Amino acid sequence: MDVGELLNYQPDRGAKRPRGEEDGGAGGAGGDEDSRGGKQLKGMSARELARYREVAGAEGGAEMRETEELIGDRKIILEKLMDQDAEEPEAELVDESSVKKMILTFEKRSYKNQELRIKFPDNPEKFMESELDLNDIIQEMHVIATMPDLYHLLVELNAVHSLLGLLSHENTDILSLKSSMEYCYCPEPEPHVAIAVVDLLQELTDIDTLHESEDGAEVLIDALLEGQVVALLVQNMERLDEQVKEEADGIYNTLAIIENMAEFRPGMCTEAAQQGLMQWLLKRIKAKMPFDANKLYCSEILAILLQNNDNTRELLGEMDGIDVLLQQLSVFKRHNPSTAEEQEMMENLFDALCSCLMLPSNRDRFLRGEGLQLMNLMLREKKMSRTSALKVLDHGMIGPEGTDNCHKFVDILGLRTIFPLFMKTPKKMRKTGVSEREHEEHVCSIIASMLRNLKSQQRSRLLSKFTENDCEKVDRLMELHFKYLEAVQQADKRIEGEKHEMVRRGEILDDSMEDEFYLRRLDAGLFVLQLICYIMVEISNSGIPQLQQRVHQILNLRGGSVKVVRHIMREYAESIGDGKSDEFKEAERKRIMDLADNF
């Protein structure tokens, strides 16, 4: 075969009909045979076709008959399978009577198991079968999770109480029971009843299921809380060994139950924390174990417990939880999280720390635990933790309660760290998913807090920073002022246009609409603009003529207005001091307005 023949060579394409015959051309007898063969081979598997081609020339018609028989056999098998499917009974319908029957069976088996355990405490063979039966009915009860409107039956028939009782089932014996039964016959491994109950409760309290029937969910959650479910769940977790996969999964599902209940009823967080959950979470987070899904989930639950809740924040502080959080976060001082999950855990711990610092008493614990030094080091190390460290410093130094932290921050040379971040937003910070505005908001808030809280020498050191290098920091401040002023003015124009359109349509601008418009202005950068203007009026009233002259010089040069700055400060003064006493609000408003009037 020469080169031309090689290039033109086409491999055998099996039984495919030649293109000439498809077009109606002269395919000849050979074409007809190919066509007939292709039809006969239709429906055969690739393996059957290959076998057919191997022996087609040698055995011809005999092989074809065998193939037809094979296809016939396959049809018979398929028909039998279809008949079997048709004969299978339909799944039993879940209704009120079937659920009652299921609960009654559960109660009987639970009672029988308890009775046999008491009667034969040292003879597992005697109660083994009853435990298997109990586990089976618990598995069957998962179907109730598909009918949340029938949850009231679980409460009315006392099943919730019985399930909670099984959380403290003597089933930890099972760990020793398993080893004792290695030498005795057992048809299948011992079920872990407490874990089976946890799995069931996790499915019953699934948040999507709870929202399907608010009434049924309320009844179930009330019964669980009345039975001190969190305390029982914590006791159960205490005895589980996470080295065993089934038990590690049990802990994960337990945390899921708590998360579901907290999302459905946030008010239960205080009670849950006080029933041993807070202590267990802190213990688990600081345990010297490899990072896993359970540690991530613990950090998430901790952040949820601390959200908008001063009681849980105080409880964590009393348990030395601030130190635990700082110890766990110190790992990320010089090392980035190795996975996305570990990064999520780090963010959860930072969020928990920020929540704790909303409580004044925890600011002192943070100070004593050298939290400021750790955050300052994180800012210098330029790792992924830097963004969150900035947020923590903001929370720790804001308001009059942050005075001691402000002074300490200057003492540990924090000004050398914060002002480079003020002068330029790091590119790496944008890569971590933090916006430029968020970064600038935290930095400006920290500087504003220091200007408000610092006294004597520390205040002088802060103000001297603004005079360095021909007042370059004042220039940067004014640059930010005009940047955010323009953004807010554009937002105001859009909002005014929407207001005019609403009035034209005859719609009423109620308080809720005004609040929504104000939130949109804040999102556009109003709060950062207020902080910047506060810094401007503070340094202008500092008694350093150089700073006041520079601020006004740039303001006039770029067509700015003192009136606009005063208006922004008046708006800032009106919105200040939420949650504070009336005396504090009034004193702070007067102080800010005096600064604005003297600007």
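None of the values given here were measured: they were computed from a predicted structure. (Residues numbered from 1 in each chain as written. Predicted model: local features only at pLDDT ≥ 70, side-chain atom pairs only at ≥ 80, totals over all residues. Heavy atoms only, no water.)

**Student:** It is not clear to me how helix 27 (residues 436-453) should be interpreted in this structure. Could you clarify?
**Tutor:** For an α-helix, 3.6 residues make a turn, and residues three or four places apart therefore share a direction. The end-to-end C-alpha distance of helix 27, which contains 18 residues, comes to 26 Å, matching closely the 26 Å that a straight helix rising 1.5 Å per residue would cover. Burial within helix 27 is extensive, with 14 of its 18 residues counted as buried. (Helix = DSSP H or I, 4+ residues; strand = E, 2+ residues; numbered from the N terminus. Expected span 1.5 Å × (residues − 1). Buried < 20%, exposed > 50% of the residue type's maximum accessible area, 1.4 Å probe, protein only.)

**Student:** Sorry if this is basic, but what is going on with the confidence of the model for the chain here?
**Tutor:** Caution applies to low-pLDDT parts of the model: their predicted coordinates are not meant to be read in detail. Taken residue by residue, the chain gives an average pLDDT of 83. The fraction at 70 or more is 79%. Contacts from residues 12-60, a stretch scored under 50 in pLDDT, to residues over four places away or in other chains number 31 contacts. (pLDDT = per-residue confidence, 0-100. Contact = heavy atoms within 4.5 Å.)

**Student:** Explain the pattern of salt bridges here, please?
**Tutor:** Note that side chains of opposite charge can pair when their charged atoms are close. Across all of its chains, the model carries 35 salt bridges by this definition. Notably, a salt bridge pairs Arg-521 with Glu-571, separated by 2.6 Å at the nearest N-O pair. You can see Arg-521 sitting in helix 29 (residues 511-524) and its partner Glu-571 sitting in helix 32 (residues 562-574), a full 50 residues away along the chain. No difference in accessibility class separates Arg-521 from Glu-571, as the two residues are buried. Taken together, the shared-partner salt bridges in this structure form one network comprising Glu-436, Glu-440, Arg-476, Glu-479 and Lys-483. (Salt bridge = Lys/Arg side-chain N within 4 Å of Asp/Glu carboxyl O.)

**Student:** I keep staring at helix 15 (residues 245-264) and nothing clicks. Help me out?
**Tutor:** Between the first and last C-alpha of helix 15 there are 29 Å, a value that for 20 residues agrees with the 28 Å anticipated at 1.5 Å per step. The buried fraction of helix 15 amounts to 15 of the 20 residues, a majority that puts the element mostly inside the structure.

**Student:** Whenever I open this one, the environment of Gly-321 confuses me. Can you help?
**Tutor:** Tracing the chain through its elements places Gly-321 in helix 19 (residues 321-329). For the pair Gly-321 and Cys-356, spaced 35 residues apart in sequence, the C-alpha to C-alpha distance is 9.3 Å. Look past the residues within four positions of Gly-321 in its chain and what remains in contact with it is Leu-282 and Leu-316.

**Student:** I keep staring at the packing of aromatic side chains and nothing clicks. Help me out?
**Tutor:** What describes a pair of aromatic rings is the distance from one ring centre to the other and the angle between the planes of the rings. Using the criterion set out here, one finds 4 aromatic pairs in the structure. On the basis of an interplanar angle of 55° and a centroid distance of 4.7 Å, the ring pair of Tyr-252 and Tyr-297 is categorised as tilted. Separated by 45 residues along the polypeptide, Tyr-252 in helix 15 and Tyr-297 in helix 17 (residues 293-306) bring together distant segments of the chain. The exposure class of Tyr-297 is buried, given its relative accessible area of 8%. Here the aromatic rings of Phe-419 and Phe-466 are separated by 5.5 Å at their centres, their planes lie at 90°, and the arrangement is edge-to-face. Of this pair, Phe-419 sits in helix 25 (residues 415-423) while Phe-466 sits in helix 28 (residues 456-504), and the two are 47 residues apart along the sequence. For the pair Phe-419 and Phe-466, one class covers both residues: buried. Grouped by ring-pair contacts, the aromatic residues Phe-419, Phe-422 and Phe-466 constitute a single cluster. Looking at Lys-126, its charged tip hangs above the ring of Phe-120, at a distance of 5.5 Å from the centre. (Phe/Tyr/Trp six-rings, centres within 6.5 Å; stacked < 30°, edge-to-face > 60°. Lys NZ or Arg CZ within 6 Å of the ring centre and 35° of its normal.)

**Student:** Looking at this structure, I do not really get unusual backbone geometry. What am I missing?
**Tutor:** Note on backbone geometry: most residues besides glycine have negative phi, and most peptide bonds are trans. A positive phi angle, near 45°, is found at Ser-456, a position not held by glycine. Inspection of the secondary structure assignment puts Ser-456 in helix 28. Here Ser-456 falls in the exposed class, since its relative accessible area comes to 57%. In this structure, Asp-470 takes a positive phi of about 55° despite not being glycine. For Asp-470, the location among the structural elements is in helix 28.

**Student:** Please clarify how the packing of helix 27 against helix 28 should be interpreted in this entry.
**Tutor:** Each pair of packed helices can be described by the angle between their axes along with the distance between the axes. Viewed as axis vectors pointing N to C, helix 27 and helix 28 meet at an angle of 140°, and their least axial separation amounts to 13 Å. By the angle between their axes, helix 27 is oblique relative to helix 28. Handedness of the helix 27/helix 28 crossing: left-handed. Residues Glu-436, Arg-437, Glu-440, Cys-444, Ile-447, Met-450 and Leu-451 of helix 27 lie in contact with helix 28, whose contacting residues are Arg-459, Leu-462, Leu-463, Phe-466, Arg-476, Leu-480, Lys-483 and Tyr-484. When its residues are assigned to classes, the contact of helix 27 with helix 28 shows 9 nonpolar, no polar and 6 charged. (Axes fitted to C-alpha atoms, helices over the stretch in contact; angles between N-to-C directions. Parallel < 35°, antiparallel > 145°, perpendicular 65-115°, else oblique. Left-handed = near helix turned anticlockwise from the far one by under 90°. Nonpolar A, V, L, I, M, F, W, Y, C, P; charged D, E, K, R; others polar.)

**Student:** Help me understand a negative patch on the surface in this model?
**Tutor:** A cluster of acidic residues, Asp-149, Asp-208, Glu-212 and Glu-263, forms a negative patch on the protein surface. Positionally, Asp-149 belongs in the loop between helix 7 (124-140) and helix 8 (151-156). (Patch = residues over 30% accessible without salt bridge, like charges linked within 9 Å, V, L, I, M, F, W, Y side chains within 5 Å. Areas by Shrake-Rupley, 256 points an atom, 1.4 Å probe, with all protein chains shown as cover. Lys, Arg positive; Asp, Glu negative; His and termini not counted. Charge placed at Lys NZ, Arg CZ, Asp CG, Glu CD.)

**Student:** What is the right way to read the environment of Phe-106 from this model?
**Tutor:** Relative to the assigned elements, Phe-106 resides in helix 6 (residues 96-119). When neighbours within four sequence positions are excluded, Phe-106 is seen to be in contact with Leu-134, Ile-137, Ile-138, Met-141, Ala-159, Ser-162, Leu-163 and Leu-166.

**Student:** It is not clear to me how the environment of Leu-379 should be interpreted in this structure. Could you clarify?
**Tutor:** Tracing the sequence through the fold places Leu-379 in helix 22 (residues 371-381). Sequence spacing of Leu-379 and Ile-418 is 39 residues, and the spatial spacing of their C-alpha atoms is 8.1 Å.

**Student:** Help me understand the nonpolar core in this model?
**Tutor:** Side chains of a nonpolar character, in soluble globular proteins, are inclined to be buried together. With 151 residues, the main nonpolar core has Leu-277, Leu-302, Leu-353, Met-375, Met-450 and Ile-539 as its most contacted residues. Contacts of Leu-277, omitting those with residues within four sequence positions, involve Val-230, Val-234, Met-237, Ile-258, Ala-272, Ile-301 and Leu-305. (Core = buried A, V, L, I, M, F, W, Y, C linked by side-chain atoms within 4.5 Å.)

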